[in-house]
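These are the residues of each chain, in order.
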Amino acid sequence: MNTENIRARYKKLIKVLNEHSYRYHVLNEPVVSDSEYDQMLVELRQIEGEFPEWITPDSPTQRTGAKPPEKFDKVQHPALILSLANAFDGDGLRAWLERISKLDERVLDADFVVEPKLDGLTVVLQYDDGVFVRGATRGNGEVGEDITQNLRTLQSLPLRIPVTRQGPQPPPRLVVRGEVFINLADFEKLNQLLLEAGEKTYVNPRNTAAGALRQLDPAITASRPLTMLCYSIVSGEGELPDTQWGTIAFLRDLGFPVPGEIARYADIESSVSACEAWIGKRKDLPFEIDGAVVKINDLILATDLGVVGKDPRGAIAFKFPAQEVTTQLLDIGVNVGRTGVLTPYAILEPVEIGGVLVSQATLHNFDFIADKDIRIGDRLLVKRAGDVIPYVIGPVMAARKKDVSPYQPPKLCPVCGEPIQHKEGEVAWYCINPTCPAQLLRIIEHFVSRATLDIVGLGIKIVEQLVNHGLIKDVADLYTLTSDNLLELEGFADKKVANLLSSIEASKDQPLARLIFALGIPNVGEVVSAELARKFQDLHALSKASVNEFEMIEGIGPNIAEAIVGWFGRLENQKILEKLKSAGMWPRSTIQAGETIGEQPLSGMSFVITGTLPGFSRKEAKDFISTNGGKVVSSVSKKTNFLVAGEKPGSKLDKAQGLGVNILDEAGLRELVSKG
Ligand code: IVH
């Protein structure tokens, strides 16, 4: 291809990729698979690697990777970013109409648009000649902060309008207002991940979204599941819609995400009914709303009505009834998750909040209880966010009785009665007893997973059956299962039994590194396991080593060293080792006792793998490198010694070439090992 053709292809790729991204993130109707999208992105990156001077701000690669600024610059908004006056019931809305009808009788014949009032953060987006050039916070309404780089990371934000070929021509300059927020399901997923990592969970989606937008490092913003809906035009040049209804349609046609749940009404009474109906409907929405907004549809009339302070007269918020109540804290319960994290929750005197009976609410972690000084017997202020997650704001101090004493967190796991543990720098407390019924399923699931011992045919359903029938009480019991045992289980016949037993047997050939990883020692992942397997001959040698010895190993700090020693120090774990050994599940390191890492062919070298290798699966290639002393890392940097590239390499190949990293194919890798 000549340069001109490559350039045309480059422009086409940007258009097509942005259109697919819009279909996926805004319309929820993707028309290509993730891997087709990724392939096009790889091609785009390759072109950009070769011709960096062509990169345009609307390229999907420009959403991430921007350098953090030292501070946010100030941005003068082109028009005042107004707020809204509130009404709290139907009469409040009628009174609003009456007030404004005294200023302009035309409102009595006006029609209205009713929209959900999104509980997020206002953002102001500027497009010059269709290209997103700046995004800002509301600030004080006149001046906001420049958060362009953070906003670019939102996949639903168009980098160029119109996003699709069918969209209208954009005006030369357009400033759009929208609301950034986090969907409830994404919020819960985020908190679940934090909980499993032993970190503090977020209290509500709104504050989380606010915090994410105000991060100086756009990479952090990108890692939070922010989304956006747009609902008005702040200013623009050229021909613009003169109704609110037309504005939403225009924004939608340009490719902006807009609220789907809006409606137009001919008079105030039907608008009141619509707002009241929203009280019941809000729980069906995937995001939080704190009311509805009633807007005069005719934007010229609305503008003519003017503003009072910062509130336009032409629109009003219908705020939902308060979602906060007080109730008695009867007790504090503690859940033990499948990762062993203990989560306290409030057991409440049942109370209705916004039509739903609430009798429990999360208390996040024991620090939350201590910070708020929550005591059993207190009256608590409880809020229901977005009709979904009830949360505790804190105790009503004035209502505290004299005899209530501070809450004492448990010292033992409420499920198995074993002592619980706390990791330095984390808020979470863990039950680390591997035979704790609350954790057993998770531990076994990890032990048999593809990344560890890869026992094919042993999915979570079968693990559950085995545990529920009392056939396995720890991971080592897998190796004593017999066909008679398995035939007892529902859905098992001769063939399935034979297959399962043979894949359990096959796991005995897995390398030591995989067994170490499989044991689920806190903080010991794939990379640390490979290091440990290189240093120690078998689990016995590993279990005898001291914190100091572990700390001598590269990549192992005091936390990991103590976690390992602590894990092997437990009697239950010692028993598991004995059982594994006597069952013949006892892989040994390829290193002889006394041999040092320095004598291995790949020691001290780091590798990145990309593409498909002809004779190795990805796992096999990793094992091959690590059993020969090398380290496999996931991303290419200047420190990487070799990139092992197979067929269809990804962008890692370009990066490695750019950084001058040595590139090997599979044969080259084997040669490196054989020649030592
Ligand atoms: S219209 C002149 N529409 O609510 C335009 N605001 O309490 C005034 N909000 O600051 C705003 N959803 O951040 C409008 N559909 C919607 C909205 C909405 C949420 C927010 C907005 C505003 C706040 C006022």
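For the structure itself, consult the block above.
Here the structure is a predicted model, which means the values were calculated and not measured.

Student: How do you make sense of the overall build of the chain when you look at a structure like this?
Tutor: When its secondary structure is counted, the chain shows 24 helices and 24 strands. Per-residue burial over the chain gives 49% buried out of 676 residues. Long-range contacts, defined as pairs at least 24 residues apart, comprise 68% of the intrachain contacts of the chain with a sequence gap of at least 6. Surface exposure of the chain reaches about 32400 Å², of which carbon and sulfur atoms provide 51%. Computing the positive centroid from 75 side-chain charges and the negative centroid from 89, the chain places the two 2 Å apart.

Student: I keep staring at unusual backbone geometry and nothing clicks. Help me out?
Tutor: Phi is mostly negative for residues that are not glycine, and the peptide bonds are mostly trans. Along the chain, Ile161 connects to Pro162 via a cis peptide bond; the corresponding omega equals -5 degrees. As for its position among the elements, Pro162 is in the loop between helix H4 (148–152) and strand S7 (173–182). Backbone geometry places Asn28, a non-glycine residue, at a positive phi of 65 degrees. Relative to the assigned elements, Asn28 resides in the loop between helix H1 (3–25) and helix H2 (34–50). With a phi angle near 50 degrees, Asp454 is a residue other than glycine that sits in the positive phi range. Checked against the element boundaries, Asp454 lands in the loop between helix H12 (437–448) and helix H13 (460–468).

Student: What's the story with the pattern of salt bridges in this structure? I'm lost.
Tutor: Once the charged atoms of two side chains with opposite charge are near each other, the side chains can pair. Enumeration according to the criterion identifies 30 salt bridges in this entry. With a shortest N-O distance of 3.3 Å, Asp304 and Arg106 are connected by a salt bridge. You can see Asp304 sitting in helix H10 (residues 299–305) and its partner Arg106 sitting in the loop between helix H3 (90–103) and strand S3 (112–118), a full 198 residues away along the chain. Between Asp373 and Arg400 there is a salt bridge, and its shortest N-O distance comes to 3.0 Å.

Student: Quick question: what am I supposed to make of the sheet that holds strand S24 (residues 662–664) here?
Tutor: Paired through backbone hydrogen bonds, the strands of a sheet run either parallel or antiparallel to each other. Overall, parallel pairing links the four strands, which are arranged S22-S21-S23-S24 in an open sheet. Single-partner strands in this sheet number two, and they are strand S22 (631–632) and S24. Sheet analysis places strand S23 (residues 642–645) next to S24, joined by three bridges and oriented parallel. Along S24, the bridge assignment pairs Phe642 with Asn662. Lying on the sheet, helix H24 (residues 666–675) is in contact with strand S21 (606–610), S23 and S24; it crosses S24 at an angle near 105 degrees.

Student: Please clarify how the state of the cysteines should be interpreted in this entry.
Tutor: Here a disulfide denotes a covalent bond joining the sulfur atom of one cysteine to the sulfur atom of another. Scanning the entire structure with this criterion turns up zero disulfides. Among the cysteines around Cys416, which has no disulfide bond, Cys413 carries the closest sulfur, lying 3.7 Å off.

Student: How should empty space enclosed by the protein be read in this particular structure?
Tutor: To locate leftover empty space, one rolls a probe as large as a water molecule over the atoms. Here the structure, examined in full by the defined rule, presents four cavities of 30 Å³ or more. When its volume is computed, the largest cavity comes out at roughly 80 Å³. Looking at the lining of the largest cavity residue by residue, the classes come out as six nonpolar, five polar and two charged.

Student: Is there a simple way to explain the sheet that holds strand S5 (residues 131–137) in this structure?
Tutor: Pairing in this open sheet of four strands is antiparallel, and the strands run S5-S4-S7-S8 from one edge to the other. Taken across any chain shown, the strands that pair with only one partner, and hence form the sheet edges, are S5 and strand S8 (226–236). Across this sheet, the average inter-strand angle for adjacent strands is 30 degrees, counted without regard to direction. Across nine bridges, the pairing between S7 and S8 is antiparallel. When the bridges of S8 are listed, Arg177 appears paired with Ser232. Strand contacts of helix H6 (residues 205–213): strand S4 (121–128), S7 and S8, with the helix running at about 130 degrees to S7, the strand carrying the most contacts.

Student: Is there a simple way to think about the site of the ligand in this case?
Tutor: Glu115, Thr122, Arg177, Glu179 and Lys295 are the nearest of the 14 residues found near the ligand. Within the side chain of Lys117, an N or O atom sits 3.0 Å from an oxygen atom of the ligand. A distance of 3.0 Å is found between an oxygen atom of the ligand and a side-chain nitrogen or oxygen belonging to Arg177. Starting from 530 Å² of accessible surface for the ligand in isolation, the protein chains cover 85%. Every element with two or more residues in the shell around the ligand is listed here: S3, S7 and strand S10 (289–296). Tallied by class, residues from the shell around the ligand come to seven nonpolar, two polar and five charged.

Student: For this particular structure, what's the right way to read the nonpolar core?
Tutor: Looking at soluble globular proteins, one finds that nonpolar side chains tend to be buried together. The biggest cluster of nonpolar side chains holds 61 residues, and the ones touching the most others in it are Leu125, Leu151, Leu157, Phe256 and Ile296. Beyond its immediate chain neighbours, meaning those up to four positions away, Leu151 contacts Val123, Leu125, Phe132, Gly135, Ala136, Leu157, Val180 and Leu213. Membership of the second largest hydrophobic core comes to 54 residues, among which are Val448, Phe492, Ile564 and Leu580.

Student: Just to check I follow, could you spell out helix H9 (residues 268–281) for this structure?
Tutor: The periodicity of an α-helix, 3.6 residues per turn, causes residues three or four places apart in sequence to face the same way. Over its 14 residues, H9 runs 20 Å from end to end, which matches the ideal 20 Å to within 8%, given 1.5 Å per residue. Of the residues making up H9, those classed as buried are Ile268, Ser271, Val272, Ala274, Cys275 and Trp278. Buried residues along H9 cover an arc of 160 degrees about the axis, so they all sit on one side. On the buried face of H9, the contacting elements are H3, S3, strand S9 (263–265), S10 and strand S13 (315–319). By the N-cap criterion, in which a side-chain oxygen at the helix start approaches the backbone nitrogen of a residue two or three places on, H9 is capped by Asp267, the distance to Glu269 being 3.3 Å.

Reading guide: rules and limits
Residues numbered from 1 in each chain as written. Predicted model: local features only at pLDDT ≥ 70, side-chain atom pairs only at ≥ 80, totals over all residues. Heavy atoms only, no water. Helix = DSSP H or I, 4+ residues; strand = E, 2+ residues; numbered from the N terminus. Buried < 20%, exposed > 50% of the residue type's maximum accessible area, 1.4 Å probe, protein only. Contact = heavy atoms within 4.5 Å. Areas by Shrake-Rupley, 256 points an atom, 1.4 Å probe, with all protein chains shown as cover. Lys, Arg positive; Asp, Glu negative; His and termini not counted. Charge placed at Lys NZ, Arg CZ, Asp CG, Glu CD. Salt bridge = Lys/Arg side-chain N within 4 Å of Asp/Glu carboxyl O. Pairing = 2+ DSSP bridges. Axes fitted to C-alpha atoms, helices over the stretch in contact; angles between N-to-C directions. Disulfide = S-S within 2.5 Å. 1 Å grid on protein atoms, 1.4 Å probe; cavity = no way out; pocket = protein on both sides within 12 Å on 5 of 7 lines; lining within 4 Å. Points joined across faces, edges and corners; volume = space filled by probe spheres on them. Nonpolar A, V, L, I, M, F, W, Y, C, P; charged D, E, K, R; others polar. Near = heavy atom within 4 Å. Polar contact = N/O pair within 3.5 Å; in protein donor to acceptor, adjacent residues only side chain to side chain. Core = buried A, V, L, I, M, F, W, Y, C linked by side-chain atoms within 4.5 Å. Expected span 1.5 Å × (residues − 1). Arc of directions from axis to C-beta.

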